[in-house]
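A look at the structure
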Amino acid sequence: MKFPTIKLRKKSKISKELKSFNQSKWIRGFTIAAAAIWVFYAFIVDLLPYSLSDFFQKWFPATTINESLVWVICALGLNIVVGYAGLLDLGFVAFWAIGGYCAGWFMSDFFHQTSIHFGSTAAPEQPGIHLSFWIVLLIGAIICALFGVLIGAPTLRLKSDYLALVTLGFGEIIPQIFYNGENIAGFNLSNGSKGISPVDNVGLFGKTLGPFDLDWKYLIFVCLAALMVFISLRIRSGRLGRAWLAIREDELAASMMGVPLMKSKLAAYAVGAFSGGIGGVAFATHVNGVFADRFSFSISIILLAMVVLGGMGNVWGVIVGALAIAWVNSTGLPAFGETVNNVLGTSINFPSYNFLLFGGILIFMMLYKREGLLPESRLKQILHETDDSTSNIGGH
């Protein structure tokens, strides 16, 4: 008697279809949420009763939402370096700074000795270099990508702590160059501690967006974040993304299988820095200037905390982690502290304890949930396999 044969699809094909379904679900969810937030703040929040409107302005102001999206852009770039390629980078603030100063150089009257105008919203008689915001975005991203290759080149043979120390050094050097760059051999590179302000307004569909056009800037920042999500997901599923994952899991085995370590690592630094450049230009337009004292080492640590909290290697987890930490750091903790002080009659400076909170979160995550809140399935499986093997050794 012959039994009918049943053809089963390969496990890899099924997993790919499930992953595609999950990706489309996340994309649809974030798109709906982004559109709903814009509609709410553009048309509804001002029509609410004063108590409700005041609540949203206090706990979820539009400026904080825009700033959180800038953090998302940069966190997605760091996720490529740390989450995909497994290269610990403690100097990502350098790319944020370079991107910001690109906006200061090419969207202001800083270089007043010359007068170049192309697609800018600045008046034609205004001196300086005034390029379109969209052109400066591309310039800042490309310059940062080149610096990413330059910074990544000396670190190719380094691993673990040594790699972290080298990137930490670059992250400290570059902001200090800008901070002390008012007179470098008679040339003013950055205007020193005074910074460069203001930068030109953003032009969108023939409309000039000033510092208070937060609703339209929100749309721009959402689109830039969506661009980085698209880049991250496309590269992740391609040949380069698979090479990064192989290096992250076992560099020696990856090299033996023919993965070009040098090209892959440099590509990770370049793509991550590309994102940092976009975030830097966006942040300069958000705060209407670029200031050297804003680019401290703590930015790199906060970005790393966002990646670890959300889930290294998982784009959607990193977005959630970035939004949560950015909100707590900017608005959540100060608003919570003000509420507690008003109720209890105290005068505790809650924002001064933000790094204590972030440090505690990192310790908790490393001890109990190393894969993050929304872990990447592959990394989660590896970590749990390691835990199981360790427990078996301890049992014997």
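Note that this is a predicted model, so its numbers are computed, not measured. (Residues numbered from 1 in each chain as written. Predicted model: local features only at pLDDT ≥ 70, side-chain atom pairs only at ≥ 80, totals over all residues. Heavy atoms only, no water.)

Details of the pattern of salt bridges
- Across all of its chains, the model carries 3 salt bridges by this definition.
- For Glu249, the salt bridge identified is with Arg248, shortest N-O distance 3.5 Å.
- Of the charged contacts in the structure, one is a salt bridge between Glu251 and Lys265, with a shortest N-O distance of 3.2 Å. In this pair, Glu251 is assigned in helix α9 (residues 251–256) and Lys265 in helix α10 (residues 261–287), connecting sequence segments 14 residues apart. Summarising the burial analysis for this pair, Glu251 and Lys265 share the class buried. (Salt bridge = Lys/Arg side-chain N within 4 Å of Asp/Glu carboxyl O. Helix = DSSP H or I, 4+ residues; strand = E, 2+ residues; numbered from the N terminus. Buried < 20%, exposed > 50% of the residue type's maximum accessible area, 1.4 Å probe, protein only.)

What about the packing of aromatic side chains?
- Within this structure, the stated rule accounts for 28 aromatic pairs.
- Geometrically, the ring pair formed by Phe56 and Phe60 is tilted, given 6.5 Å between the ring centres and 45° between the ring planes.
- A connected cluster of aromatic rings, assembled from ring pairs, spans Phe40, Tyr41, Phe55, Phe56, Trp59, Phe60 and Trp327. (Phe/Tyr/Trp six-rings, centres within 6.5 Å; stacked < 30°, edge-to-face > 60°.)

Brief notes about the state of the cysteines
- Evaluated as defined, the whole model comprises 0 disulfides.
- Cys74 takes part in no disulfide bond, and the closest cysteine sulfur, belonging to Cys144, lies 9.2 Å away.
- For Cys74, a relative accessible area of 0% corresponds to the buried category. (Disulfide = S-S within 2.5 Å.)

Some words on the layout of surface pockets
- Of the volumes computed, that of the second largest pocket is approximately 260 Å³.
- For the second largest pocket, the lining is made up of 15 residues, of which Gly86, Leu87, Leu88, Ser160 and Arg248 are closest to its centre.
- Mapped by element, the contributors of at least two residues to the lining of the second largest pocket are α6 (160–179) and α8 (239–249).
- In terms of residue class, the lining of the second largest pocket is made up of 7 nonpolar, 2 polar and 6 charged. (1 Å grid on protein atoms, 1.4 Å probe; cavity = no way out; pocket = protein on both sides within 12 Å on 5 of 7 lines; lining within 4 Å. Points joined across faces, edges and corners; volume = space filled by probe spheres on them. Nonpolar A, V, L, I, M, F, W, Y, C, P; charged D, E, K, R; others polar.)

Examining the UniProt feature "transmembrane region" (unreviewed entry) in the protein chain
- The UniProt entry lists residues 26–48, 68–87, 92–111, 131–150, 216–235, 266–285, 291–309 and 348–368 under the feature "transmembrane region" (unreviewed entry), expressed in the numbering used here.
- A distance of 29 Å separates the end C-alpha atoms of residues 266–285, which is 100% helix and 0% strand.
- Spanning residues 291–309, this segment combines 68% helix with 0% strand, and its end C-alpha atoms are found 28 Å apart. (UniProt positions renumbered as here; feature names shortened; annotations may be inferred.)

Re the nonpolar core
- Grouped together as the largest cluster of nonpolar side chains are 98 residues, with contacts concentrated most on Trp96, Trp105, Trp244, Leu303 and Met306.
- The element that contributes the greatest number of residues to this core is helix α3 (residues 62–84), accounting for 15 residues.
- Leu303 has contacts with Trp71, Cys74, Ala75, Leu78, Phe92 and Trp96, leaving out every residue within four places of it along the chain. (Core = buried A, V, L, I, M, F, W, Y, C linked by side-chain atoms within 4.5 Å. Contact = heavy atoms within 4.5 Å.)

What about the packing of α3 against α8?
- The contact between α3 and α8 brings their axes to 8 Å, and the two run at 50°. Our classification of the angle between α3 and α8 gives oblique. Here α3 contributes Ile80, Gly83 and Tyr84 to the contact with α8, which in turn contributes Trp244, Leu245 and Arg248.
- Its residues assigned to classes, the contact of α3 with α8 comprises 4 nonpolar, 1 polar and 1 charged. (Axes fitted to C-alpha atoms, helices over the stretch in contact; angles between N-to-C directions. Parallel < 35°, antiparallel > 145°, perpendicular 65-115°, else oblique.)

Side note on the environment of Gly258
- Considering the arrangement of structural elements, one finds Gly258 in the loop between α9 and α10.
- Residue Gly258 is classed as exposed on the basis of its relative accessible area, which comes to 57%.
- Along the sequence, Gly258 and Ala243 sit 15 residues apart, while their C-alpha atoms lie 9.5 Å from each other.

Some details on a nonpolar patch on the surface
- Taken together, the side chains of Ile363, Phe364, Leu367 and Tyr368 make up a nonpolar region of the molecular surface, amounting to roughly 510 Å² of accessible area.
- Inspection of the secondary structure assignment puts Phe364 in helix α13 (residues 354–368).
- When its relative accessible area of 48% is taken as the criterion, Phe364 is described as partly exposed. (Patch = residues over 30% accessible without salt bridge, like charges linked within 9 Å, V, L, I, M, F, W, Y side chains within 5 Å. Areas by Shrake-Rupley, 256 points an atom, 1.4 Å probe, with all protein chains shown as cover.)

Concerning the sheet that holds strand β3 (residues 128–131)
- As summarised here, the arrangement of the 3 strands in space is β1-β3-β2, forming an open sheet in which the pairing is mixed. Whereas interior strands pair on both sides, the edge strands pair on one side only; in this sheet they are β1 (107–108) and β2 (115–118).
- As defined by bridge partners, β2 adjoins β3 across 4 bridges and the pair is classed as parallel. From the neighbouring strand, Ser115 faces β3, where its bridge partner is Gly128.
- Across the sheet, helix α5 (residues 133–152) is in contact with β1, β2 and β3; its angle to β3 comes to roughly 100°. (Pairing = 2+ DSSP bridges.)

Considering the environment of Ile173
- Its location among the elements puts Ile173 in helix α6.
- When its relative accessible area of 48% is taken as the criterion, Ile173 is described as partly exposed.
- For the pair Ile173 and Ala94, spaced 79 residues apart in sequence, the C-alpha to C-alpha distance is 8.2 Å.

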